[in-house]
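Residue-level listing of the chains:
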Amino acid sequence: MSTLRALAAAQAVAAGVAQPVATVRHQHLSTRPLVLVPLAMAGEANAPLAAMVGAAPGEGRLLIVPQPRNRDHRFAFAAELAATVLPYLAGHRGATEAVAVDRGRDVRYRYLDAPQLLVPNPAGVTFLRLLGRSTRFRRVDGEYPVPPEVPLLGRWLTFLAERAEHPGSSALLAMTQALTLHWATGQSAVEDLHLPALLGWIAPPAGLTGAEAAARAEDPAVCPPAGPATDPGFDNRLLAPAIEAYAAAGDDEAARVEAYARLERLLRDQLTPTWDLMWRGLGLLRALPPGARVAGRWDGDRDAFTAHAEHIDEGGAPQPRRDGAVAAAARLHRLERAAATYAVQRAYDDPLVLAEYRLTGEAFVGEVVLADPARVDDSGRRPVLRPRIQLVTTEPVLVPVGASLCNPARPGQKARVVFVTPAADGKTEVVLELSGGMGRGLTAAPGSVPEVGQRLCYTTLSEAYVPSGAFPAVEETPWTHGGPPDVGPVVVADGAPAPEPEPEPDEAWA
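Residue numbers restart at each chain and count upward from 1, following the sequence in its written direction. Given that this is a predicted model, residues contribute local features only at a pLDDT of at least 70 and side-chain atom pairs are listed and counted only at 80 or more, while totals for whole chains, interfaces and linings are drawn from all residues. Side-chain figures throughout are based on the complete set of non-hydrogen atoms in the structure, without hydrogens or water.

## A word on the confidence of the model for the chain
Close inspection of predicted coordinates is inappropriate in any region flagged by low pLDDT.
Okay, so step 1: pLDDT expresses how confident the predictor is about each individual residue, on a scale running from 0 to 100. Overall, the predicted model of the chain reaches an average pLDDT of 90, with 95% of residues at or above 70.
Okay, so step 2: Per-residue pLDDT stays below 50 along residues 488-493; that stretch engages in seven contacts with residues further than four places along the chain or on separate chains.
Okay, so step 3: This model gives residues 495-508 a pLDDT under 50, and the stretch forms 18 contacts once residues within four places in sequence are excluded. The contact rule is simple, with two residues in contact once any of their heavy atoms fall within 4.5 Å.

Now the structure itself:
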């Protein structure tokens, strides 16, 4: 936890309500997102119990699994879920736009919009990831066939779960993570994973403090868990007898219909409060203005959605169960680059986020007291425009002489630290040499050089492009990392080749 967030948490306790830690929204919100609230059976490996899914508050569709241990019931649930999710995804595969690539020498096309799924918490993302893994390899013919839409659903759920790991992506959002990115509560990070308690802190009912509203929300009789886990008391007292009653009905049609209706009522009562809270949280996020760089990150989601749709259309294979050594290293590298870029973009978009870097000495704010916009450096082979400015700041300046800094308001302009001089009254004088973003001649364009009296922020954070790393081809790696083996096939005592290993069994859905 950063110093600023710890302070906001302390203020939340004192004020009795969550405190904002962002001035803008750092995530894209679709005009029509698909909300999905899953519920899993306790004691089973990702066994779906129910789900409420829909793209509007009044369009929630309840799907239930009357016998979660029954394989046919599970895949029937997956087929029903696909009947809602796949048309929603297909609805975004309409018009496309041309995007220039290779410095304008070529173009590619991407869809004008991309789907967005919202789940209550990170456990919901994990549920969808495992559901995708359990369905994307299923066969539509042969022994134990499944409906054709089931493996297709699994491939899309896997895609969305992988995008959820990408920093800055908004294709699959956990509501608790989205809210805690913008507000700090007076409870622990673990307690923030409980959506009712989190919303109790952010928008407590009249007459209650955030702590009181959160304590009330943690009572399962008042507000059931936000899924996919269920309350043990509910499992023992209500759910288990209802499932047993459905199983005991057997071929008795009337008894089975009655048991199914009872189970449906129980699960609807469990999911409806969380369903309502999801739309309430969505309204709180919509009230925040989007950051300037949110649209650019959403373009990345649209690119990924377009590429995966084309991969499926071309008959591409499903995502593998696990990445090879080279693919895993390349994926980790992409995620690290995305995380660094996301951190810089959030700081540039939001002064509250940038304030955290000012506390750590990675940024400072000062007032321009001197400026030489016409300074030319003629020490090299040809003269170049290198204006200098002097700032006075009361903040600690921990950057060394020679460091390269950026101003979030002028991202295309670089500043090199020339002098850092302590002054009286705890102030510090900083002299910066500017380059870039001032035109091509030896005269700076109007407004491109800061003027005396301006208050500016300079930081070590940079949006400069970082090239991707180079990784070897799979065949160029040693056999320990998936490359060609150094020795021939292993033989057993009788001289016959060793048998191939048995394929790894799938999840509990097998």
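## Points about helix α7 (residues 210-217)
Okay, so step 1: Using a 1.4 Å probe on the protein chains alone, a residue whose accessible area is under 20% of its type maximum counts as buried, one over 50% counts as exposed, and one in between counts as partly exposed. Think of it this way: any DSSP run of H or I at least four residues long counts as a helix, any run of E at least two long counts as a strand, and we number them from the N terminus. All of the buried residues in α7 are Gly-210, Ala-213, Ala-214 and Ala-217. Looking straight down α7, one finds its buried side chains confined to an arc of 100°; they lie on one side.
Okay, so step 2: Against α6 (195-202) lie the buried residues of α7. Taking the helix axis as origin, the arc is that swept by the directions to the C-beta atoms.

## A word on the environment of Val-344
Okay, so step 1: With respect to the helices, strands and loops of the structure, Val-344 is situated in helix α11 (residues 325-349).
Okay, so step 2: For the pair Val-344 and Pro-408, spaced 64 residues apart in sequence, the C-alpha separation works out to 9.4 Å.
Okay, so step 3: Those residues in contact with Val-344, other than ones at most four positions away along the chain, are Leu-461, Ser-462 and Glu-463.

## Here we look at unusual backbone geometry
Okay, so step 1: Its identity is not glycine, yet Tyr-144 carries a phi of approximately 50°, on the positive side.
Okay, so step 2: Note on placement: Tyr-144 falls in the loop between α3 (122-135) and α4 (149-164).
Okay, so step 3: Judged by relative accessible area, Tyr-144 falls into the exposed class, the value being 55%.

## Regarding the packing of aromatic side chains
Okay, so step 1: Pairs were defined over the aromatic rings of Phe, Tyr and Trp, the Trp ring being its six-membered one, requiring ring centres within 6.5 Å. Orientation was assigned from the angle between planes: stacked under 30 degrees, edge-to-face over 60, tilted for the rest. Applying the stated rule across the entire model yields five aromatic pairs.
Okay, so step 2: Measuring from ring centre to ring centre gives 5.4 Å for Trp-156 and Phe-305, while their planes differ by 40°; the resulting arrangement is tilted. Of this pair, Trp-156 sits in helix α4 while Phe-305 sits in helix α10 (residues 294-313), and the two are 149 residues apart along the sequence.
Okay, so step 3: Exposure remark for Trp-156: the relative accessible area of 5% places this residue in the buried category.

## Some words on the layout of surface pockets
Okay, so step 1: Put simply, the largest pocket is a space of about 1500 Å³.
Okay, so step 2: For the lining of the largest pocket, the secondary structure elements donating two or more residues are α3, α4, α10 and α11.
Okay, so step 3: Among the elements that take part in the lining of the largest pocket, α11 stands out by supplying 11 residues, more than any other.
Okay, so step 4: Under the scheme applied here, ten amino acids are nonpolar (Ala, Val, Leu, Ile, Met, Phe, Trp, Tyr, Cys and Pro), four are charged (Asp, Glu, Lys and Arg), and all others, including Gly, are polar. Class assignment of the residues belonging to the lining of the largest pocket gives a composition of 17 nonpolar, 12 polar and 17 charged.
Okay, so step 5: In this analysis the probe radius is 1.4 Å and the grid spacing 1 Å, with only protein atoms considered; a cavity is a set of points the probe fits into but cannot get out of, a pocket is an open set with protein on both sides within 12 Å along at least five of seven lines, and lining residues have an atom within 4 Å of a point. Grid points are joined across faces, edges and corners, and a volume is the space filled by probe spheres set on the points. Here the second largest pocket defines a volume of roughly 550 Å³.
Okay, so step 6: Every residue lining the second largest pocket is counted, 29 residues in all, and those nearest its centre are Pro-122, Thr-176, Gln-177, Thr-180 and Leu-181.
Okay, so step 7: Those elements giving two or more residues to the lining of the second largest pocket turn out to be α1 (3-15), α3, α4, β8 (172-174) and α5 (175-180).
Okay, so step 8: Partitioning the lining of the second largest pocket into residue classes produces 15 nonpolar, 11 polar and three charged.

## Quick look at the nonpolar core
Okay, so step 1: By nonpolar core is meant a set of buried Ala, Val, Leu, Ile, Met, Phe, Trp, Tyr and Cys residues that side-chain atoms within 4.5 Å join together. Grouped together as the largest cluster of nonpolar side chains are 43 residues, with contacts concentrated most on Met-175, Leu-179, Leu-195 and Leu-267.
Okay, so step 2: Ranked by the residues each element gives to this core, the list is headed by helix α9 (residues 253-286), at 10 residues.
Okay, so step 3: Those residues within four positions of Leu-179 in sequence are excluded, and the remaining contacts are Leu-195, Leu-198, Leu-199, Ile-202, Gly-281 and Leu-285.
Okay, so step 4: With 36 residues, the next largest nonpolar core counts Phe-77, Val-125, Leu-157 and Leu-172 among its residues.

## A short note on the pairing of strand β16 (residues 428-435)
Okay, so step 1: Within β16, six of the eight residues are buried, which leaves the element mostly enclosed by the surrounding structure.
Okay, so step 2: A strand pair is defined by DSSP finding two or more bridges across the two strands. As paired elements, strand β13 (residues 388-393) and β16 share six bridges and run antiparallel to each other. Within β16, the position partnered with Val-392 by the bridge is Glu-429.
Okay, so step 3: Bridge count for strand β15 (residues 410-422) against β16 is eight bridges, and the pairing is antiparallel. Residue pairing in the sheet places Ala-415 in a bridge with Leu-434 of β16.

## Focus: the packing of α6 against α9
Okay, so step 1: Where helices are involved, their axes are fitted lines through C-alpha atoms of the stretch in contact, as for all axes, and angles between N-to-C directions lie from 0 to 180°. Relative to each other, α6 and α9 sit at 40°, their axes nearing to 10 Å. As far as their axial angle goes, α9 and α6 are oblique. When the axes of α6 and α9 are compared, the crossing they make is left-handed. Residues Leu-195, Pro-196, Leu-199 and Ile-202 of α6 touch α9, and the partners they reach there are Thr-274, Leu-277, Met-278, Arg-280, Gly-281 and Leu-284.
Okay, so step 2: The residue inventory of the contact of α6 with α9, partitioned by class, reads seven nonpolar, two polar and one charged. Angles are sorted into four bins: roughly parallel if under 35 degrees, roughly antiparallel if over 145, roughly perpendicular if 65 to 115, and oblique for all others. Helix crossings fall into two classes, left-handed where the near helix is turned counterclockwise from the far one by less than a right angle and right-handed where it is turned clockwise.

## Here's the deal with the pairing of strand β10 (residues 363-372)
Okay, so step 1: When β10 meets strand β17 (residues 455-459), the two strands line up antiparallel, connected through five bridges. Residue pairing in the sheet places Val-365 in a bridge with Cys-457 of β17.
Okay, so step 2: With five bridges joining them, β10 and β13 adopt antiparallel strand pairing. Paired with Val-368 across the bridge in β13 is Leu-391.

## With respect to the pattern of salt bridges
Okay, so step 1: Here a salt bridge means any side-chain nitrogen of Lys or Arg lying within 4 Å of a carboxyl oxygen belonging to Asp or Glu. Taken as a whole and judged by the stated rule, the model has 19 salt bridges.
Okay, so step 2: Here Arg-108 and Asp-303 are joined by a salt bridge, their closest N and O atoms 2.9 Å apart. Of the two residues, Arg-108 sits in strand β6 (residues 106-111) while Asp-303 sits in helix α10, which places them 195 residues apart along the sequence.
Okay, so step 3: The exposure class of Arg-108 is partly exposed, given its relative accessible area of 32%.

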